[in-house]
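Chain and residue survey
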Amino acid sequence: MRLTKFTDLALRVTMRLAVLEPGASLTTRQVADAMRIPYNHTAKAIARLQHLGVVEARRGRGGGLELTEFGHTASIGWLVRELEGEEEVVTCEGETPCPLRAACSLRGALRAAQQAFYASLDPITVDQLASSTSRPVLLSLS
């Protein structure tokens, strides 16, 4: 399974915010510059993460981005599902439907593999991804 660049970016932003000291925050510009990602892409990912309740964004003086309590404990499996959507791995219908769709077991097998992929990510939290081994690298991104 391959994640979209958007999901990859959102996960990396989440991990970076997870290692901030309590009360500290970063701006969208600081995150974008540190991770060498275009500002507009970063802003879109942060807006989605904010909508999901993972990130809190405050405007103005003293504002910035912080991970919410929920964000720290959020399951990576849940987060990836929310960012990627529940679409099928393959599309059997559409403008040119697959001629094998009536007797093909590939779609079901790929769906089971997708579910297993998400299930393997379910027990992992954002804080676990930002653990002691990756923490120094994440903190060096400034």
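Once a new chain begins, its residue numbering starts again from 1 and follows that chain's sequence as written. pLDDT decides what is reported in this predicted model: residues at 70 or higher carry local features, side-chain atom pairs at 80 or more are listed and counted, and totals for whole chains, interfaces and linings draw on all residues regardless. In computing side-chain properties, one takes all heavy atoms of the structure into account and sets aside hydrogens as well as water.

- The chain has the name Rrf2 family transcriptional regulator in an unreviewed UniProt entry, where Microbispora hainanensis is given as its organism.
- The annotation that UniProt attaches to the chain under Cofactor (unreviewed entry) is "[2Fe-2S] cluster". UniProt positions are given in the numbering used here, feature names are shortened, and annotations may be inferred rather than shown by experiment.

1. Quick notes on the nonpolar core
- Residue types Ala, Val, Leu, Ile, Met, Phe, Trp, Tyr and Cys, when buried and joined through side-chain atoms within 4.5 Å, form a set referred to as a nonpolar core. Buried residues are those whose accessible area, probed at 1.4 Å on protein chains only, stays under 20% of the maximum for their type, while exposed residues exceed 50% and partly exposed ones sit between those limits. One finds V13, L17, V55 and L79 to be the most contacted residues of the largest nonpolar core, which totals 31 residues.
- By definition, any uninterrupted DSSP run of H or I lasting at least four residues is a helix, any uninterrupted run of E lasting at least two residues is a strand, and each is numbered from the N terminus. Secondary structure elements with two or more residues in this core: helix 1 (5–18), helix 2 (28–35), helix 3 (39–51), strand 2 (64–67), helix 5 (76–84) and helix 6 (106–121).
- The leading source of residues in this core is helix 1, at seven residues.
- Sequence-distant contacts of V55, defined by excluding residues within four places in its chain, comprise L17, I46, L49, Q50, L65, E66, L67 and T68. Whether two residues are in contact is decided by their heavy atoms, any of which lying within 4.5 Å being enough.

2. A few points about the pattern of salt bridges
- Definition used for salt bridges: Asp or Glu carboxyl oxygen within 4 Å of a side-chain nitrogen of Lys or Arg. This structure, assessed with the given rule, holds four salt bridges.
- The partner of R58 in a salt bridge is E56, and the shortest N-O contact between them spans 3.7 Å.
- On the accessibility criterion, E56 (38% relative accessible area) is partly exposed.
- Among the salt bridges present, the one from E66 reaches R58, with a minimum N-O distance of 2.7 Å.

3. Side note on the packing of aromatic side chains
- Aromatic pairing here means that ring centres of Phe, Tyr or Trp (its six-membered ring) are within 6.5 Å. Orientation follows from the plane angle: under 30 degrees is stacked, over 60 is edge-to-face, and everything else is tilted. Counted according to the given criterion, the structure contains two aromatic pairs.
- Aromatic side chains F70 and W78 sit 5.2 Å apart centroid to centroid with 80° between the ring planes, which places their arrangement in the edge-to-face category.
- The exposure class assigned to F70 is partly exposed, which follows from its relative accessible area of 41%.
- Accessibility expressed as a relative area gives 26% for W78, which makes it partly exposed.
- For the pair F117 and Y118, a centre-to-centre distance of 5.7 Å together with 55° between the ring planes defines the contact as tilted.

4. Side note on the packing of helix 2 against helix 3
- Between helix 2 and helix 3, the least distance of the axes is 9 Å, while the angle of their chain directions is 120°. Of the possible angle classes, the one that applies to helix 2 and helix 3 is oblique. Our pair here, helix 2 against helix 3, has a crossing hand that is right-handed. Mapping the contact onto sequence places T28, R29, V31 and A32 in helix 2 and Y39, T42, A43 and I46 in helix 3.
- Of the residues that constitute the contact of helix 2 with helix 3, the class distribution is five nonpolar, two polar and one charged. Only the stretch in contact is used when fitting a helix axis, every axis being a line fitted to C-alpha atoms; angles between N-to-C directions are given from 0 to 180 degrees. In what follows, roughly perpendicular refers to angles from 65 to 115 degrees, roughly parallel to angles under 35, roughly antiparallel to angles over 145, and oblique to any angle outside these ranges. Helix crossings fall into two classes, left-handed where the near helix is turned counterclockwise from the far one by less than a right angle and right-handed where it is turned clockwise. When residues are grouped by polarity, Ala, Val, Leu, Ile, Met, Phe, Trp, Tyr, Cys and Pro land in nonpolar, Asp, Glu, Lys and Arg in charged, and all others, Gly among them, in polar.

5. Digging into the side chain of E66
- As for its placement among the helices and strands, E66 is situated in strand 2.
- As used in this structure description, the phrase polar contact means that two N or O atoms lie within 3.5 Å; if the pair is within protein, one of them must be able to donate a hydrogen and the other to accept it, and residues adjacent in sequence are counted only when both atoms belong to side chains. A distance of 2.7 Å separates the side chain of E66 from the side chain of R58, its partner in a polar contact.
- With near-sequence residues (within four places) excluded, E66 lies in contact with G23, A24, S25, V54, V55, E56 and R58.

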